[in-house]
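# Per-entry structural report
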Amino acid sequence: MKPLHAALLLALVASPVLAGDVVDTTFAKAQGSHAFNVRDLVMMERVSDPQLSPDGRHAAFSVRSTDYAANKGVNAIYVLDLERKGAQPVKVVEKGSSARWSADGKSLYFVAPAKDVAQLWRVDLGANPSSHAAPVQVSHAPLDVVDYKLSPDGRQVLLSYEVFTDCTTLACTEQRIEARAKDKASGTLYNKLFVRHWDTWADGRRNQLFVGTFGADGQLQAEPTLLSRGIDGDVPSKPFGDASEFAFAPDGKSVYFDVRIAGTTEPWSTNFDLYRVPVDGSAAPVNLTADNKAWDAYPVPSPDGKTLYYLAMKTPGFEADRFAIMAMDLATGARHEVDPRWDRSPGGLAISADGKTLYATADDEGQHPLFAIDPANGEVRSLSGAGDVNAFSLAAGKVLFARDDLKRPADLYLAKADGRGLKQVTHFNAEDLKNAKVGDFEFFQFPGWNNETVQGYVVKPVDYQKGKTYPVAFIIHGGPQGAMSNGWSYRWNPQTYAGQGFAVVTINFHGSTGYGQKFTDSISGDWGGKPLEDLKLGWKAALDKYKFLDGDRACALGASYGGYMVYWIAGVWNQPWKCLIDHDGVFDARMMYYATEELWFEERENGGPQYEVPQNYEKFNPIDHVKDWRVPMLVVHSGKDFRIPITQGLGAFTALQRRGIPSELLTFPDENHWVLKPHNSVQWHDTVNAWLKQWTAKDAPSGASK
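Presented here is an overview of the structure given in this document. These figures come from a predicted structure and were not determined experimentally.

### Structural notes on the pairing of strand β35 (residues 470-476)
When you tally the buried positions in β35, you get seven out of seven residues, the bulk of the element. In the sheet, β35 pairs with strand β36 (residues 503-508) via four bridges, with the strands oriented parallel. Its bridge partner being in β36, Ile-475 is matched across the sheet by Thr-506.

### Some thoughts on the pattern of salt bridges
Evaluated as defined, the whole model comprises 36 salt bridges. A salt bridge links Asp-232 to Arg-206, with the nearest nitrogen and oxygen atoms 3.5 Å apart. Of this pair, Asp-232 sits in the loop between β15 (225-226) and β16 (246-248) while Arg-206 sits in strand β14 (residues 206-213), and the two are 26 residues apart along the sequence. The shortest N-O distance in the salt bridge between Arg-206 and Asp-234 comes to 2.8 Å.

### Quick word on unusual backbone geometry
Here the bond from Lys-238 into Pro-239 is cis, since omega is 5°, no more than 30 degrees from zero. Considering the arrangement of structural elements, one finds Pro-239 in the loop between β15 and β16. In this model, Gly-479 is joined to Pro-480 through a cis peptide bond whose omega is 0°. Of note, Pro-480 is situated in the loop between β35 and α6 (494-498). With a phi close to 70°, Asp-116 is a non-glycine residue in the positive phi region. If you trace the backbone, Asp-116 turns up in the loop between β7 (107-114) and β8 (117-124). Classification of Asp-116 by relative accessible area gives exposed; the value is 75%. Of note in this structure, Tyr-298 is not a glycine but carries a positive phi near 60°. Note on placement: Tyr-298 falls in strand β20 (residues 296-301).

### Considering the state of the cysteines
Counted by the stated rule, this structure contains two disulfides. With its sulfur 2.0 Å from that of its partner, Cys-167 forms a disulfide with Cys-172. A torsion of -55° about the S-S bond marks the disulfide between Cys-167 and Cys-172 as left-handed. Note on Cys-167: relative accessible area 13%, which makes it buried. With its sulfur 2.0 Å from that of its partner, Cys-555 forms a disulfide with Cys-579. Taking the torsion about the sulfur-sulfur bond, which here is approximately 115°, the covalent link between Cys-555 and Cys-579 counts as right-handed. Remark: Cys-579 occurs in strand β38 (residues 579-583) and Cys-555 occurs in strand β37 (residues 549-559); sequence separation between them is 24 residues. In this structure Cys-555 comes out as buried when scored by relative accessible area, which is 0%.

### Description of the environment of Pro-701
Here Pro-701 is to be found in the segment after α14 (678-696). In this structure Pro-701 comes out as buried when scored by relative accessible area, which is 15%.

### A look at the sheet that holds strand β3 (residues 58-67)
With respect to topology, four strands assemble into an open sheet ordered β2-β3-β4-β5, the strand pairing being antiparallel. Looking at strand neighbours, the two that pair on one side only are β2 (46-52) and β5 (90-93), the edges of this open sheet. Across the sheet, the axes of successive neighbouring strands diverge by a mean angle of 35°, strand direction being ignored. Pairing geometry for β3 and strand β4 (residues 72-81), over 10 bridges, is antiparallel. Across the sheet, Arg-64 pairs through a bridge with Asn-75, a residue of β4.

### With respect to the nonpolar core
Counting residues in each nonpolar core, the largest one holds 54 residues, and the members touching the most others are Phe-474, Trp-577 and Trp-629. By residue number, the principal contributor to this core is helix α9 (residues 561-572), which donates eight residues. Val-459, Tyr-497, Ala-559 and Leu-666 belong to the second-largest nonpolar core, a separate cluster that totals 27 residues.

### A word on the sheet that holds strand β25 (residues 358-361)
Strand order in this open sheet of four strands is β24-β25-β26-β27, and the pairing throughout is antiparallel. Taken across any chain shown, the strands that pair with only one partner, and hence form the sheet edges, are β24 (347-351) and β27 (380-382). Each adjacent strand pair in this sheet contributes to an overall mean axis angle of 25°, direction not counted. Here three bridges tie strand β26 (residues 370-373) to β27, and the two strands are oriented antiparallel to one another. Across the sheet, the residue bridging to Ile-373 is Val-380, located in β27.

Cut-off values and rules
- Residues numbered from 1 in each chain as written.
- Predicted model: local features only at pLDDT ≥ 70, side-chain atom pairs only at ≥ 80, totals over all residues.
- Heavy atoms only, no water.
- Buried < 20%, exposed > 50% of the residue type's maximum accessible area, 1.4 Å probe, protein only.
- Helix = DSSP H or I, 4+ residues; strand = E, 2+ residues; numbered from the N terminus.
- Pairing = 2+ DSSP bridges.
- Salt bridge = Lys/Arg side-chain N within 4 Å of Asp/Glu carboxyl O.
- Disulfide = S-S within 2.5 Å.
- Axes fitted to C-alpha atoms, helices over the stretch in contact; angles between N-to-C directions.
- Core = buried A, V, L, I, M, F, W, Y, C linked by side-chain atoms within 4.5 Å.

Distances and angles like these do not, on their own, reveal function.
Structure (structure tokens):
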């Protein structure tokens, strides 16, 4: 190793430095015209969860603002009159989420805390939402409402609670939790996996589905009825399941839900099935899709109650398989695929009131639009144009959706159900966006692995001037079955780098979503092969096409699979890079198999368990190439990341330090696979930007070992 700046290197590798000592995490939002930065990002109002009233006149939606002093987001609920010219959104709930219209459209139900327990509430709006009544608590259970869905007639509600399945009352679960808290012995004994999942240790509780009935006074009556009786699984699924996983039949007499039976195989299974159960709980749930050992989920009954639409995969154990839209004849059980010619994987399924059109979103060549699907012939039409549609709602021949793109966060858009007459109806963050300059972007294509077409995009720095060159942040996306799309992000947002004077380049390599299932499938078993070839060819194509990119002042950075790839290229393609940044990446593929929680992912991507095919786990294992590492690296890894445990980041940092390579470790003990808290987000961005600037400065030492 031949360090160019011995004093700098000594400071970096020989002295323990806390990130808080070298970056300023105080908050001072810029005023007037300025380059977009993380302080703008964390204070943006986040519009989500649009809900059309039954008559289509009003929109209800959530807006998350940031209480920076309290280091948290605060969700409020707004209502907008869509027919009154010049109408402005009215805040009807100060703190609450998951707003849903009553059957008559006169009230909104929502979830909000009452004495630290998440309960169901109702707010009566009357003729004028701005003079609404005070919210009324309608549930009084001792446990948090996980999620809910109202019946078509509004008389009942499906409720999910996290309970001990051997308890016969909700109070029993509460009492057991309290007893555990008082026990001075802190040990927990486990006898099967999912000991921990995502960021939570298991305590034996399951999300279970109940039904409650509203009394004449609007209050939920007594103890709800358990519907998922005998089901050893979570409804909705953990950790990110929601009310799209259960539904009432149109007549309200039965309920559909999906669940993965746990047993002892849950960590290596993606076998979700659809169940039907009488709404009165008089019979046990019946499995409707037992023959398919892959994923069946997200039930959507047709308005006439004769057909159940849902999404289904074909390959067991493969979470990134294509979801097909299926139709089941509920009288005969016969099933067929609605969209066999559409080579996309849809989500967010919904149906029009007349049953003639299905709606879904899907990744599609760098966009994530809303699509209309004809269930009779499988024809598909895009409705929303460019950008990322993250939620939508249907009513009265209209569609309301939240859409964002690379230059702006989400706002609401309204159109007729066929997509005509599209117009923007909210303008949150408009004033802030006027002051915060963002960079222009452009998608490009090039011949990638095997001469197949691959797509990427560049984002110009906000101060771009023709004829100048700029340092580059080369972002590698995670997943790996994901994509960097034309969408706004509150974590890996290209505009935060553009605002710091960097150009951004990213490549949707083989394995990315939105380019057909064959393209997505191609990464499995080849993590360091085709994707690396695409990254190399994409980097060259970008440099050839965009002369403002300074290829001599570039750093590569990524998270999750992108973090894996950063560790991989550190050993096998480190020549172009002045620095590297790795967030929650896989450093040792062998140990990753035994330390992670969702084993189905590891086994699918590597062709089986590590003990059966050890050679597959070693084929592209970054740890085997540490001897060739040479580029300065910032490692970020969080304490509550159970998907890729922190020992992966600690191992990489040990390797860097032991080899004398300039390196830093940033860790958050209270974050999971993502960095979510406002102060932590600011610290993350400040640390990352400081590292980028340090090593891409025109007078910066190479820092690399020889």
